[in-house]
Each structure stands twice: as structure tokens, then as C-alpha cells.
Amino acid sequence: GAVVSQHPSWVICKSGTSVKIECRSLDFQATTMFWYRQFPKQSLMLMATSNEGSKATYEQGVEKDKFLINHASLTLSTLTVTSAHPEDSSFYICSAPLGQRQFFGPGTRLTVL
Amino acid sequence: GENVEQHPSTLSVQEGDSAVIKCTYSDSASNYFPWYKQELGKRPQLIIDIRSNVGEKKDQRIAVTLNKTAKHFSLHITETQPEDSAVYFCAASITSGNTGKLIFGQGTTLQVKP
């Protein structure tokens, strides 16, 4: 149990385009999901908390208009990187909690050319 | 907000030796402390966790200790094996009922030499 999936696993896009990443809890429901960004050889940095049925909560320094989060259902959260630029290239990982534990998706590698 | 410091950043041990990774946290309200193992390009995998009402927890070769007064916790891996080589992250969270957001340490790259 406690499986989290992400789609796509990798994406390459041109500068200025938007990219949507999906995070799904496959065998449990999650009213809250978390989105992290991880640059090479660095730690996971929390970007935002996705809340089902309400607005996401963004961490300090994260632009909410650039990183759009929608928690459409109890098993799906999406992150849209709008007007992507090369500096947005990173590994994006979501997590969903089950009880006190958090389970991570496999991550999405975004490369912006 | 919470801040988690992790040391060392790299650790190299001989197969069979023990490895210890230490973390400190700043927010005394934090009450949940998981450890994750991440292999290159893959998702973090939970290897052990501890809650603030417990001082020590062990699972086979892995153990975690927590000192709430000093606000630090440590991961201990005994009888290390080459497959233990990975990046290890500690994290801290304030939870109330369900999970709260995790704040991660900087990570420790563990290399186990055969």
C-alpha cells in the first residue's frame, strides 16, 4: 500500500511554455499533498502544500503565479510550471501522507531548453 | 520556521563498519523525525522514523536516537553493506493528527567500500 505515482517521469520543453505534472495517490486518499523541488546534489526543498478543495499554501520565495497547484480530487494534485525558463529545470517530487508518514512519487525531471 | 542541519555531508566507510549521521532541528514543537534513503534519480524511501515520545528505535541494522532536550537525532547503520551506499536525508515535522510538512536536512552521501 501507500503508492504514489507521478506523470510524466521526464519532460523537455522550450522556454516560455507551460508544463503540467500530475501526482496521484493510487491506493489511498490524500486531502493534502506536498510538492518539492530538488536541484542536482541538493536536498528536497518544499515548494507548496496542496489542499483538496482549497488554495495551496506556498513556501516563502515560491511564486504562486508561476507554480500553479490544483488539488482536483482526493487522489490527484497537479503542478503547472508556467512560462518555464532554464532555471526551472529541476527534479520535481510530490508526496502524499498516510497517517504521519509521507510517501513520495518517483519524481519528474524537467528540462527547459 | 523549522531549520534542520545535517552532518556530515559525505561519509565513507569500509564494508562492515558502522555509519552515523547526525541532525539538529530548531523548532522544539517538531514531533516527528523520519529518515529517507535516496538513490540517484529515484524517489526518497522511508527507512525509519521516530516520534518525539520515543528516545530510540531500531529496525535490524538501522537505529535512530532522539534527544529532545538537545534537539538532535541520529541515524546509526551497523554492519554496512555496499548496497547501503546512497544519499540519506533526515527531516523534521510538526504533526497534529495527520502529517505536517517535512523540512529536510542537507543530505549525507554515504559510500560503503567493499
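Bear in mind that the values here come from a model prediction, so they are computed numbers and not experimental data.

**Considering the overall build of chain B**
Helix and strand counts for chain B stand at 0 helices and 11 strands. Its helices and strands in sequence order give chain B the pattern β-β-β-β-β-β-β-β-β-β-β, from N to C terminus. By the compact-globule yardstick of 13 Å for 114 residues, chain B fits well, its C-alpha radius of gyration being 14 Å. A total of 114 residues make up chain B; the buried ones form 44% of that total.

**Considering unusual backbone geometry**
Residue Pro 8 of chain A is bonded to the preceding His 7 of chain A through a cis peptide linkage, with omega at 0°. Note on placement: Pro 8 of chain A falls in the loop between strand 1 (4–7) and strand 2 (10–13). Cis geometry marks the peptide bond from His 7 of chain B to Pro 8 of chain B; its omega dihedral reads -5°. Of note, Pro 8 of chain B is situated in the loop between strand 1 (4–7) and strand 2 (10–14). The residue Ser 83 of chain A is not glycine, and still its phi comes out positive at about 45°. Here Ser 83 of chain A is to be found in the loop between strand 8 (76–81) and strand 9 (90–98).

**Here we look at the interface of chain B and chain A**
Taken together, the 22 residues of chain B in the interface contact 20 residues of chain A. Interface area, chain B with chain A, both sides summed: about 1700 Å², of which 52% is carbon and sulfur. One can count 2 salt bridges joining chain B with chain A. Residue Glu 59 of chain A is joined to Lys 101 of chain B by a salt bridge in which the shortest nitrogen-to-oxygen separation is 3.0 Å.

**Structural notes on the environment of Val 81 of chain A**
Residue and element names in this part refer to chain A. When you line up the elements, Val 81 lands in strand 8. Under the relative-accessibility criterion, Val 81 is labelled buried at 0%. Through-space distance from the C-alpha of Val 81 to that of Val 19 is 5.2 Å; in sequence the pair is 62 residues apart. Discounting residues that sit within four places of it in the chain, Val 81 has contacts with Thr 17, Ser 18, Val 19, Lys 66, Phe 67, Asp 88 and Leu 110.

**Thoughts on the nonpolar core**
One finds Trp 35, Phe 67, Leu 79, Tyr 92 and Leu 110 of chain A to be the most contacted residues of the largest nonpolar core, which totals 25 residues. Those residues in contact with Leu 79 of chain A that sit more than four places away from it in its chain are Val 19, Lys 20, Ile 21, Trp 35, Phe 67, Leu 68, Ile 69 and Tyr 92 of chain A. By size, the runner-up hydrophobic cluster in this structure holds 24 residues, among which are Leu 11, Val 64, Ile 77 and Ala 86 of chain B.

**Notes on the sheet that holds strand 3 (residues 19–25) of chain B**
The strands making up a sheet are joined through hydrogen bonds of the backbone, oriented either antiparallel or parallel. All names here are of chain B. If you walk across this open sheet you meet the 5 strands as 1-3-8-7-6, and the pairing is antiparallel. Strand pairing shows two members of the sheet lacking a second neighbour, strand 1 and strand 6 (56–59), which therefore form its edges. Strand after strand, the sheet turns through a mean of 15° between neighbouring axes, direction not considered. As paired strands, strand 6 and strand 7 (residues 62–67) are joined by 4 bridges and run antiparallel to one another.

**Focus on the pattern of salt bridges**
As enumerated under the stated definition, the model contains 7 salt bridges over all chains in all. Close ionic contact of Asp 88 of chain A with Lys 66 of chain A constitutes a salt bridge, the shortest N to O distance being 2.9 Å. Of the two residues, Asp 88 of chain A sits in the loop between strand 8 and strand 9 while Lys 66 of chain A sits in the loop between strand 6 (57–58) and strand 7 (67–73), which places them 22 residues apart along the sequence. Its relative accessible area of 5% is what places Asp 88 of chain A among the buried residues. What emerges from the salt-bridge pattern is a single network uniting Arg 101 of chain A together with Asp 49 and Lys 57 of chain B.

**Looking at the packing of aromatic side chains**
A complete count under the given rule lists 11 aromatic pairs over all chains for this structure. Measuring from ring centre to ring centre gives 5.5 Å for Tyr 36 of chain A and Phe 104 of chain A, while their planes differ by 50°; the resulting arrangement is tilted. With Tyr 36 of chain A in strand 4 (residues 32–38) and Phe 104 of chain A in strand 10 (residues 101–104), this pair connects stretches of sequence that are 68 residues apart. The same class applies to Tyr 36 of chain A as to Phe 104 of chain A, namely buried. Measuring from centroid to centroid gives 5.8 Å for Tyr 36 of chain B and Phe 104 of chain B, while their planes differ by 50°, and the two rings are tilted. Within this pair, whereas Tyr 36 of chain B is found in strand 4 (residues 32–38), its partner Phe 104 of chain B is found in strand 10 (residues 102–104), the two being separated by 68 residues in sequence. An aromatic cluster is defined as three or more aromatic residues linked by ring pairs; in this entry it consists of Tyr 36 and Phe 104 of chain A together with Tyr 36, Phe 89 and Phe 104 of chain B. The ring of Phe 67 of chain A has Lys 66 of chain A lying over it, and the distance from NZ or CZ to the ring centre is 5.9 Å.

Cut-offs and rules
Here the residue numbers are simple positions, counted from 1 along each chain's written sequence. Whichever chain is written first becomes A and whichever ligand is written first becomes 1, with later ones labelled in order. Two thresholds apply to this predicted model, a pLDDT of at least 70 for residue-level local features and 80 or more for giving and counting side-chain atom pairs, whereas whole-chain, interface and lining totals are computed over all residues. For side-chain calculations, the full set of non-hydrogen atoms in the structure is used, while hydrogens and water are omitted. The way it works is that DSSP assigns letters per residue, a run of H or I at least four long becomes a helix, a run of E at least two long becomes a strand, and they are numbered from the N terminus. Each radius of gyration is computed over the set of C-alpha atoms, and the globule rule expresses the reference value as 2.2 Å times the number of residues to the power 0.38. We call a residue buried when its accessible area falls under 20% of the maximum for its residue type, exposed when it is over 50%, and partly exposed in between, using a 1.4 Å probe and counting protein chains only. We call two residues in contact whenever any of their non-hydrogen atoms come within 4.5 Å of each other. A quick way to say it: buried area is the sum, across both parts, of accessible area lost when two parts are put together, with a 1.4 Å probe. A side-chain nitrogen of Lys or Arg and a carboxyl oxygen of Asp or Glu constitute a salt bridge if their distance falls within 4 Å. Residues enter a nonpolar core if they are buried and are Ala, Val, Leu, Ile, Met, Phe, Trp, Tyr or Cys, with the set joined through side-chain atoms within 4.5 Å. Paired strands are those between which DSSP finds at least two bridges. Here the axes come from fitting lines to C-alpha atoms, over the contacting stretch only for helices, and the angles between their N-to-C directions go from 0 to 180 degrees. Classification of ring pairs rests on two measures: the distance between centres of Phe, Tyr or Trp rings, Trp counted by its six-membered ring, which must be within 6.5 Å, and the angle between planes, read as stacked under 30 degrees, edge-to-face over 60 and tilted in between. By definition, being over a ring means that NZ of Lys or CZ of Arg is both within 6 Å of the ring centre and within 35 degrees of the ring normal.

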